[in-house]
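Residue strings, one per chain:
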Amino acid sequence: MRYICANCGYIYDPAQGDPMNDIPPGTAFADLPDNWVCPLCYADKDTFDPLD
Amino acid sequence: MKPSLSSLYQAVEIGQEIPPLLIGERSNPNGSKKFRECLLADDFDGCLRIGLDQEAKGAQVLDICAAYVGRDELADLTQLVRIHAESLKIPIMIDSTNADCIEACLKIYPGRCIINSINLEDGGETLDRVCRLAKKYGAAVVALTINEQGMAMTADEKVETARQIYDLAVGKHGLRPQDLLFDPLTFTIGAGDQNLLDAAIQTLDGIRRIKAELPGVYTLLGLSNISFGLPPAARKILNSVFLHEAIEVGLDAAIIDAGKILPLAQISEEDRVFCRDLIYNREQGAEKSPLMRFIDHFSARVDGDEEGESEDKRPEEALHEKIVRGDKDGIEDILAVLLDRYPPLDIVNQILVPAMRHVGELFGKGELLLPFVLQSAEAMKKSVAWLEPHMQKVDQEEGTKVLLATVQGDVHDIGKNLVDILLSNNGYKVFNIGIKVPAETIIAKARELDVDMIGLSGLLVKSAIVMQESMPQYREAGLNIPILLGGAALTSDFVATSCVPNYDAPVVYCADAFAGLKALKDFEAGRLTATVAAPKNGKARMKPGVKDVTIDRSHPVPEPPFYGLRHVVDIDPAKLFPYVNQQALFRGRWGYRRTSSSSAEEYAELMRTTVTPLYEQLKTRALQEGLLQPKAAYGYFRCYSEGDTVFVESGDDVMAFEFPRQQSPPHLCIADYYRSREEGGDVAAFFVVTIGDRIAAETKRLFEADAYHDYLMLHGFSVEVTDALAEYWHEEMRRELGIAREKPADMTGYVTQGYQGSRYGFGYPACPDLDAHTMLFKLLEPEAIGVTLTETMEMVPEVSTSAIIAHHPQAKYFAV
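Residues numbered from 1 in each chain as written. Chains lettered and ligands numbered in written order. Predicted model: local features only at pLDDT ≥ 70, side-chain atom pairs only at ≥ 80, totals over all residues.

> Explain helix H18 (residues 461-476) of chain B to me, please; I cannot follow it from the model alone.
Residues and elements named next belong to chain B. Largest kink in H18: about 35°, centred on serine 470, with the proline proline 472 one to four residues after it. If you check which residues of H18 are buried, you get Lys462, Ser463, Ala464, Met467, Ser470, Met471 and Tyr474. Next to the buried residues of H18 lie helix H17 (439-449), strand E15 (453-457), strand E16 (483-486) and helix H19 (492-499). Just past H18, the residue glycine 478 takes up positive phi, approximately 85°. (Bend = angle between axes of the 7 residues up to and from the residue. Helix = DSSP H or I, 4+ residues; strand = E, 2+ residues; numbered from the N terminus. Buried ≥ 20, exposed ≤ 12 C-beta atoms within 10 Å, placed from the backbone. Contact = placed C-beta atoms within 7 Å.)

> What is the right way to look at the interface of chain A and chain B in this model?
Accessible area lost upon the coming together of the parts is a frequently used measure of interface size. Each side of the interface is counted separately: chain A has 18 residues, and chain B has 22 residues. When the residues that make up the side of chain A that touches chain B are grouped by side-chain class, the tally is 12 nonpolar, four polar and two charged. (Nonpolar A, V, L, I, M, F, W, Y, C, P; charged D, E, K, R; others polar.)

> What exactly am I supposed to notice about the confidence of the model for chain B here?
Atom-level detail of predicted coordinates should not be read off regions where pLDDT is low. Residues and elements named next belong to chain B. Overall, the prediction assigns chain B a mean pLDDT of 91, with 97% of residues at 70 or greater. A low-confidence stretch, residues 306-311 (pLDDT under 50), is modelled with three contacts involving residues beyond four sequence positions or located in other chains. Across the assembled chains, the prediction reports ipTM 0.95 with pTM 0.66. (pLDDT = per-residue confidence, 0-100.)

> Would you mind going over the pairing of strand E22 (residues 682-690) of chain B with me for this structure?
Two faces make up the sheet, and in a regular strand the side chains alternate between them. All names here are of chain B. Among the nine residues in E22, nine count as buried, and that is most of the element. Going residue by residue along E22, you find Asp682, Ala684, Phe686, Val688 and Thr690 tucked away on one face and Val683, Ala685, Phe687 and Val689 tucked away on the opposite face as well. Pairing geometry for strand E19 (residues 631-642) and E22, over nine bridges, is antiparallel. In the strand pairing of E22, lysine 631 is matched with threonine 690. As paired strands, E22 and strand E26 (residues 800-806) are joined by six bridges and run antiparallel to one another. Paired with alanine 685 across the two strands is isoleucine 805, which belongs to E26. (Pairing = 2+ DSSP bridges.)

> Can you help me understand the nonpolar core in this one?
Nonpolar side chains in soluble globular proteins generally cluster together in the buried interior. All names here are of chain B. Core analysis: the biggest nonpolar cluster contains 162 residues, and Leu485, Ile670, Ala684, Phe686 and Phe687 have the highest contact counts within it. The element that contributes the greatest number of residues to this core is helix H24 (residues 708-737), accounting for 15 residues. Apart from the residues lying within four places of it in its own chain, the contact partners of leucine 485 are Leu456, Met467, Leu490, Val495, Cys499, Val507, Tyr509 and Cys510. By size, the runner-up hydrophobic cluster in this structure holds 92 residues, among which are Cys65, Cys101, Val142 and Ala258. (Core = buried A, V, L, I, M, F, W, Y, C linked by C-beta atoms within 7 Å.)

> So what exactly am I meant to see when it comes to the packing of helix H9 (residues 269-279) of chain B against helix H10 (residues 290-298) of chain B here?
To describe two helices that pack against each other, one gives the angle between their axes and the distance between the axes. Residues and elements named next belong to chain B. Interhelical geometry of H9 versus H10 gives an angle of 155° and a closest axis separation of 8 Å. The angle between H9 and H10 places the two elements in the roughly antiparallel class. Seen from above, H9 lies across H10 with left-handed handedness. Two secondary-structure elements touch here, H9 through Phe274, Asp277 and Leu278 and H10 through Pro290, Leu291, Arg293, Phe294 and His297. Among the residues forming the contact of H9 with H10, the class breakdown is five nonpolar, one polar and two charged. (Axes fitted to C-alpha atoms, helices over the stretch in contact; angles between N-to-C directions. Parallel < 35°, antiparallel > 145°, perpendicular 65-115°, else oblique. Left-handed = near helix turned anticlockwise from the far one by under 90°.)

> Quick question: what am I supposed to make of the environment of B:Arg209 here?
Residue and element names in this part refer to chain B. Assignment of secondary structure puts arginine 209 in helix H7 (residues 199-213). According to the C-beta neighbour criterion, arginine 209 is partly exposed, with 18 such atoms within 10 Å. Excluding its chain neighbours within four sequence positions, the residues that come into contact with arginine 209 are Ala155 and Val159.

> Help me out: how do you make sense of the environment of B:Gln16 in this one?
By the element assignment, B:Gln16 lies in the loop between strand E2 (11-13) and strand E3 (21-27). Remark: the alpha-carbon pair of B:Gln16 and B:Lys2, spanning 14 residues in sequence, is separated by 9.8 Å.

In structure tokens, the structure reads:
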């Protein structure tokens, strides 16, 4: 399930992970650490909506 | 220009990109009980409200009919057309078969409408007259496939009748094919009439063939007829599936109840099968007929939404529901009934305030989104305003008093205004003293108005510092009331460590308006305490970015088209819309989030029925009313870097732009993207862009008129269009520099900077210090395009943004 940042539109895709924050591919959104932020606009996890 | 209709306010294409063209059906005394009642009572405002409601629910054209036994159709219809033309944004469809009425309406309608309808029932006499009128006034015409023998039942007859009408309208009267909308008639398949078993099939075939054999014409259906005789819940589903089938064969327009269509995705596969079996009359080897199977399947189905016919409800419940649903329509009638039974203050405290509290709870659970909360607040405001003349003066004085202000030097107020809306509609007395308010004024006003609490707001980092530094001032002035602090740059930790210790009453961080509301409730309950810092075992926020970077010093320096500054004042606003980040607008600014309690289909429907139409209307309105006046002040300057500074040459001046450097790897600094003097120097590009102050004036007007929902919409729209302008102008500058290769394919491409180089906004994470604006303004002279600076270096109007642009291929966003 992908998630989208409501502040800037960045899409977190578990298949890609997030290299900017050293998150490996295959990491589900729920498993991202609590202090993870959007790699583009630095918004926190609460700012993300489920997309699919 | 594609064939279109128009009102005073906007043009609407007949052939919609996503068909069908939705024509609202409820303004018809023969189809809507509510409309009939209003008409018979001569309540034309009530009639208008029904039309506005259809518009709000997504209708793109409104069908208006006034034909009713015993009434003067001409007088009624012209009156209706007149008031709708003024207040309705969408074009209308004149629903009459009386040529005198049609003519009278065409004469007064300020736009291009559709005449509904002509046919060959009387051999063509009326058709001739109406076609002449259509030709004279430039109207479009609906043509029903009815001839002298009656209604055409088979596809062959429908096509033949259509052709006859076509030959007359086009051949004889000189109308164009695209002026015609053929309605091959819809008959009900829900009443069990044996003669109509294949009626849907004939209609669908009729559409397909008319589109094929009479090229250039449009097709239309009065959709709800298909399900006449079935229970409401089943009708809605059958109508929706039939609409889908009709569009597949080429239907262009449909007359429907705009609020009662479901997207196919929302209808289960199983439901669809029953609908299609009925539509296509498929026996499927079953014992029961397709209709019986359909009725059995949907027998237990209950219609989800009510009509708002709340006569059966007690007025107390009805009022509560109006608030929760944000429905202002007819609320005065309920209040009038309640005023007979209760003192007005009781109505406020026992019904209205608890209803708003419930709204807050629904928001907290993710079941109600912010725009709907605002609609509830509007209903609340309307109710209280209506009750106010009936209240004693002393009643109105009750309630905790709150002073709200945006701090010195800061022009941003959307957050503060949302707090104002929420608090004042939850029973609190709010004194909103505006933006850029110095601490001295806050102190003076707090004393003068004898408030119980102060709320301070500010967007940028600078404002957080202002708040921090003014705490001792408030203490010394002897204030001892709680202070709430809100703003995007604030964090709970910052408030706890830098603000709380320097003031003698609780200082509380509020992340949003709802947190502010909670703080007020805590205050009244005597349990409001200062914000405390989070325990240290909580990890600090991550800092995204690659950790190991070597900046390539050998990149070529592009040759700009000129050195110095230029001002551009004729940017076409329509060019900006493709650059608008719709996700940020819909979710971030407007608050249409998908919460954990809504499914993907529900969210898609919300987008389709509510959000996208809203956005389309706003864009149209913005263009029509000239609300957007995009301008740019930009330029290219020789420069060189030295350490953390970029030295920019302008004429004889050299300006030193010093940028902060990251403390941890990869230790990035904006200056790194420009060559040093030894390396040969570089070129720095800058811009200041604005969409002008007209939209800000209109936004302010909406807030002052208590149009909370529209205020939020327009404000959010203006912010995102400003960002779109920045994106668009940055692309123009890449083009001028010769570094624009392929455009990013979509918004994600822009969001992830799929282009060469980067722009950095002053005041944002890579260069948070706004003092650089002084130098920027000397370089670009943006005063000539209407942009000025506050004493804390923020730009006015708010809908302006600035940036330094780096062309270096390795330059991307980063934070310090």
